[in-house]
Amino acid sequence: QVQLVESGGGLVQPGGSLRLSCAASGNGFSINAMAWYRQAPGKQRELVAAVTSGNSTNYADSVRGRFTISRDNAKNTVYLQMNSVKPEDTAVYYCKTRVTIRAYEYQYWGQGTQVTVSS
């Protein structure tokens, strides 16, 4: 079993910055990939950014050039640096990880953290 704990959400003004963190904990797992998703009211959950174990990254077109995903393997933590935020970035942000435990792959979700962009 793997637990994900997210932090860093809150209220930020348009054009501002925010950094989200997601730490994975548990026993006997290795992380294959970590990602951030978001879900705005009335909309489907969408991929924001992802990073593989080899540090390959991909981003949604709507955030490319403004958001940066990174990971600290020693801490089993993934970050999302959000710069030049816009009101349309307002959503609940969820962390997701794919891990291997005893040769089987599993995925886990965090509880979500609210990001509100407003003046």
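Our structure is the block above this text.
Attention here is on the structure that accompanies the text. These numbers come from a predicted model, not from an experiment.

Right, let's get into the sheet that holds strand β1 (residues 2–7). Judged by pairing direction, the sheet is antiparallel, and its four strands sit side by side in the order β1-β3-β8-β7 without closing on themselves. Only two strands of the sheet have a single partner each, and these edge strands are β1 and β7 (67–72). Taken pair by pair, the neighbouring strands of this sheet meet at an average axis angle of 15°, ignoring direction. The pairing of strand β3 (residues 18–26) with strand β8 (residues 77–82) spans six bridges and is classified as antiparallel. Pairing of R19 across the sheet is with Q81, part of β8.

Throughout the structure, instances matching the rule amount to five salt bridges. Salt bridges sharing common partners tie together R38, E46, R66 and D89.

Moving on, we come to the environment of K43. Here K43 lies in the loop between β4 (30–39) and β5 (46–52). Assessed through its relative accessible area of 59%, K43 is described here as exposed. Separated by 48 residues in the primary sequence, K43 and A91 have C-alpha atoms spaced 9.5 Å apart.

This part takes up the environment of P41. Residue position: P41 is located in the loop between β4 and β5. Along the primary structure P41 and C22 are separated by 19 residues, whereas in three dimensions their C-alpha atoms are 22 Å apart.

Quick look at the side chain of R71 now. Looking at the element boundaries, R71 is found in strand β7. Comment: no salt bridge for buried R71; closest opposite-charge side chain is D72, at 8.3 Å. A distance of 2.9 Å separates a polar side-chain atom of R71 from the backbone oxygen of T52. In this structure the side chain of R71 is engaged in a polar contact, spanning 2.8 Å, whose partner is the side chain of N73. Discounting residues that sit within four places of it in the chain, R71 has contacts with I31, N32, A33, M34, V51, T52, S53, N55, T77 and V78.

Turning our eyes to something else, we now look at the nonpolar core. Residues W36, L80, M82 and Y93 are the most contacted members of the largest nonpolar core, which totals 32 residues. Mapped by element, the contributors of at least two residues to this core are β1, β3, β4, β5, β7, β8, β9 (91–101) and β11 (113–117). Ranked by residue count, the leading element in this core is β9, at five residues.

Turning our eyes to something else, we now look at the pairing of β8. Counting buried residues along β8, five of its six residues qualify, which places the element largely inside the surrounding structure. With six bridges joining them, β7 and β8 adopt antiparallel strand pairing. Counterpart to F67 in the pairing with β8 is M82. Hairpin geometry of β7 and β8 is characterised by an intervening segment of four residues between the two adjacent antiparallel strands and by a positive phi of about 50° at N76.

Cut-offs used in this document
- Residues numbered from 1 in each chain as written.
- Predicted model: local features only at pLDDT ≥ 70, side-chain atom pairs only at ≥ 80, totals over all residues.
- Heavy atoms only, no water.
- Pairing = 2+ DSSP bridges.
- Helix = DSSP H or I, 4+ residues; strand = E, 2+ residues; numbered from the N terminus.
- Axes fitted to C-alpha atoms, helices over the stretch in contact; angles between N-to-C directions.
- Salt bridge = Lys/Arg side-chain N within 4 Å of Asp/Glu carboxyl O.
- Buried < 20%, exposed > 50% of the residue type's maximum accessible area, 1.4 Å probe, protein only.
- Lys, Arg positive; Asp, Glu negative; His and termini not counted.
- Polar contact = N/O pair within 3.5 Å; in protein donor to acceptor, adjacent residues only side chain to side chain.
- Contact = heavy atoms within 4.5 Å.
- Core = buried A, V, L, I, M, F, W, Y, C linked by side-chain atoms within 4.5 Å.

Honestly, that's just the spatial picture; any functional story needs more than this.
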